[in-house]
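Here is how the chains run, residue by residue.
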Amino acid sequence: MRGAEPATLDKINRLFEHLRERVAFYSARLPAEPLKSLDELAAIPFTVKEDFRDHYPFGLFAVPLPEVARLHASSGTTGKPVLTGYTGGDLDTWGECMERVLRMGGVTADDVLQNAYGYGLFTGGLGFHIGAERIGCTVVPTSSGMTARQVMLIRDLGTTVLTCTPSYALVLAEALAAQAGPATRLRVGFFGAEPWTDGMRRQIEAGLGLEAFDIFGLTELGGPGVAVECSRHEGLHIFEDHFLAEVVDPDSGRPRAPGEEGELVLTSLTRRASPVVRYRTRDRVVLLDEQCGCGSPFRRMSKPRGRTDDMLIVRGVNVFPSAVEEVLLTVPGLSGNYQIGIDRSSGQQDRLTVLVEAAARVHLQSVGETARARLRELIGIRAEVTVLEPGTLPRSEGKARRVVDRGELKGG
Ligand code: ADP
Ligand code: ZN
């Protein structure tokens, strides 16, 4: 959003003023004077996940607790959760962003929206909920899980919009196919909270009979509604009126040029209760500078490839699980249900085992051979590939666990 830089600079300076007076952590690290240009941002230290943990629970909050209307927390399973707060105004802003997300798929008051993201501290469920309520569509707050009931409701209620994680969308597609019944009225779906490839998109779209939109967000920035695809599906538009995005070299922290992959760094421009400055998301993206054909003024980022934490290093080659997924889904007869086992016990060399389910009746061994050869050829990794019968691997109701220690591999 090049043309709007003065507006962004103004928001940044107002944000810094708010933070300098209210959050000790930030007053120690923000410049005393307003920024004169956005270029000066690069000199301000990053905020990292540990900063949230170190200041748990309220150390990074910029308003007193009575002004906080809602709390959410990350799904992180170990240690203290990452906590984020919202004033009443922040909830309005979030709702506005989520409404915008749904409008990208043409959602209106006439739609029946089944929200199968988890409700609770996780931002997914309630985030979609408030966006859908603003539009006035009929909201069915199923939360995640109880798959047979989800399928029944999709059919009986005439659900037109589905929201859940992409891995759960695949589970629902499978369950729909397994339970005979009338055609559904599903039209669009919004899937996010974990990385997924275009190959996975094709499987979800074919399985559910809808158009699939990628949506991105994270607890530290208030949850979903940071970026979303438009109907061209060529990257996700970042809501730059509320979030300032930078992409940096993950090692040096220096800015990367548009078109170069790096780590996404986000600053919230308008949040009041839990603003965050230059948050290192650890997500790998490419910032796309060219104007999108849809005409939106917001710049785009590529579909996130994965988080630095999830990157595998196999004989010196860096591989994201999503790259493995991309290759697997080029092999006819393989499904998007897969798991990667990693064995770090044999010295410096990580060994990979890929378990993947067949999508249909195929010759398991020869399909496995093809997958093994393609992984070698396309991303330069050696991996054992075992193709399993459909229905063998664990299913996910939320974020799928793609990488496991080799000893934990199921079904292999
Ligand atoms: P946790 O950190 O416990 O997983 P969050 O729900 O805050 O909890 O997760 C946010 C993270 O989820 C992002 O930083 C990113 O890694 C991932 N994520 C969210 N949406 C997407 C998406 N559309 N594509 C890829 N990754 C995503
Ligand atoms: Zn667009």
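Further up the page is the structure itself.
Computed from a predicted structure; not experimentally measured. (Residues numbered from 1 in each chain as written. Chains lettered and ligands numbered in written order. Predicted model: local features only at pLDDT ≥ 70, side-chain atom pairs only at ≥ 80, totals over all residues. Heavy atoms only, no water.)

(A) Looking closely at the coordination of the zinc ion (ligand 2). The protein atoms donating to the zinc ion (ligand 2) are Cys-230 (SG), His-237 (NE2), Cys-292 (SG) and Cys-294 (SG), with metal-donor distances spanning 2.1 to 2.3 Å. Around the zinc ion (ligand 2) sit 4 donor atoms; with metal-centred angles ranging over 100 to 114°, the donor geometry is tetrahedral. We note that the donor set of the zinc ion (ligand 2) lies within a single chain, spaced as C-x6-H-x54-C-x1-C. For Cys-292, a relative accessible area of 4% gives the class buried. (Donors = N, O, S within 2.8 Å, 3.2 Å for Na, K, Ca; no water. Tetrahedral: all angles 85-135°; square planar, octahedral: opposite > 155°, others 65-115°. Buried < 20%, exposed > 50% of the residue type's maximum accessible area, 1.4 Å probe, protein only.)

(B) Expanded view of the packing of helix α6 (residues 147-156) against helix α7 (residues 166-178). Between α6 and α7, the shortest axis-to-axis distance is 9 Å and the interhelical angle comes to 70°. Comparing the axis directions of α6 and α7 gives the class roughly perpendicular. The segment α6 lies against α7, with Thr-147, Gln-150, Val-151 and Arg-155 engaging Tyr-168, Val-171, Leu-172, Ala-175 and Leu-176. Residues that form the contact of α6 with α7 fall into these classes: 6 nonpolar, 2 polar and 1 charged. (Axes fitted to C-alpha atoms, helices over the stretch in contact; angles between N-to-C directions. Helix = DSSP H or I, 4+ residues; strand = E, 2+ residues; numbered from the N terminus. Parallel < 35°, antiparallel > 145°, perpendicular 65-115°, else oblique. Contact = heavy atoms within 4.5 Å. Nonpolar A, V, L, I, M, F, W, Y, C, P; charged D, E, K, R; others polar.)

(C) Seen up close, helix α4 (residues 88-104). The end-to-end C-alpha distance of α4, which contains 17 residues, comes to 25 Å, matching closely the 24 Å that a straight helix rising 1.5 Å per residue would cover. Of the residues trailing α4, Gly-106 is marked for its positive phi of about 70°. (Expected span 1.5 Å × (residues − 1).)

(D) Structural view of the sheet that holds strand β7 (residues 211-218). One open sheet holds the 11 strands; their spatial order is β4-β3-β5-β6-β7-β8-β9-β13-β12-β11-β10, and the pairing between them is mixed. Looking at the sheet topology across the chains shown, the edges are occupied by β4 (138-140) and β10 (243-248). Packed onto the sheet, helix α8 (residues 198-208) meets β5 (161-164), β6 (188-192), β7 and β8 (223-229) and runs at close to 125° relative to β7. (Pairing = 2+ DSSP bridges.)

(E) Looking closely at the packing of aromatic side chains. By the definition in use, this model includes 8 aromatic pairs. Considering the side-chain rings of Phe-25 and Tyr-26, the 4.9 Å spacing of their centres and the 75° angle between planes classify their relative orientation as edge-to-face. For the pair Phe-25 and Tyr-26, a shared accessibility class is recorded, and that class is buried. Ring centres of Tyr-86 and Trp-94 lie 4.8 Å apart, and the angle between their planes is 15°; on these two criteria the pair is classed as stacked. (Phe/Tyr/Trp six-rings, centres within 6.5 Å; stacked < 30°, edge-to-face > 60°.)

(F) The arrangement of the nonpolar core in detail. The biggest cluster of nonpolar side chains holds 61 residues, and the ones touching the most others in it are Phe-16, Phe-190, Phe-216 and Met-301. Per element, the largest residue contribution to this core is 6 residues, and it comes from α4. When neighbours within four sequence positions are excluded, Met-301 is seen to be in contact with Phe-216, Ala-227, Gly-235, Leu-236, Ile-238, Leu-264, Val-285, Val-286, Leu-287 and Leu-288. In terms of nonpolar packing, the next biggest core, distinct from the first, is built from 23 residues, Ile-342, Leu-352, Ala-358 and Ala-383 among them. (Core = buried A, V, L, I, M, F, W, Y, C linked by side-chain atoms within 4.5 Å.)

(G) Up close: the pairing of strand β2 (residues 83-86). Across the two faces of β2 the burial is the same, with Leu-83 and Gly-85 and Thr-84 and Tyr-86 all buried. Bridge analysis of strand β1 (residues 70-73) against β2 gives 4 bridges, and the strand direction is antiparallel. Opposite His-72, over in β2, you have Thr-84 as the bridge partner.

(H) The sheet that holds strand β19 (residues 403-405), seen in detail. Read from one edge to the other, the open sheet built from 4 strands follows the order β18-β17-β16-β19, with strand pairing classed as mixed. A single partner strand is all that each edge strand has here, and the edge strands are β18 (383-388) and β19. Each adjacent strand pair in this sheet contributes to an overall mean axis angle of 25°, direction not counted. Pairing geometry for strand β17 (residues 351-358) and β18, over 6 bridges, is parallel. From the neighbouring strand, Val-356 faces β18, where its bridge partner is Val-387.

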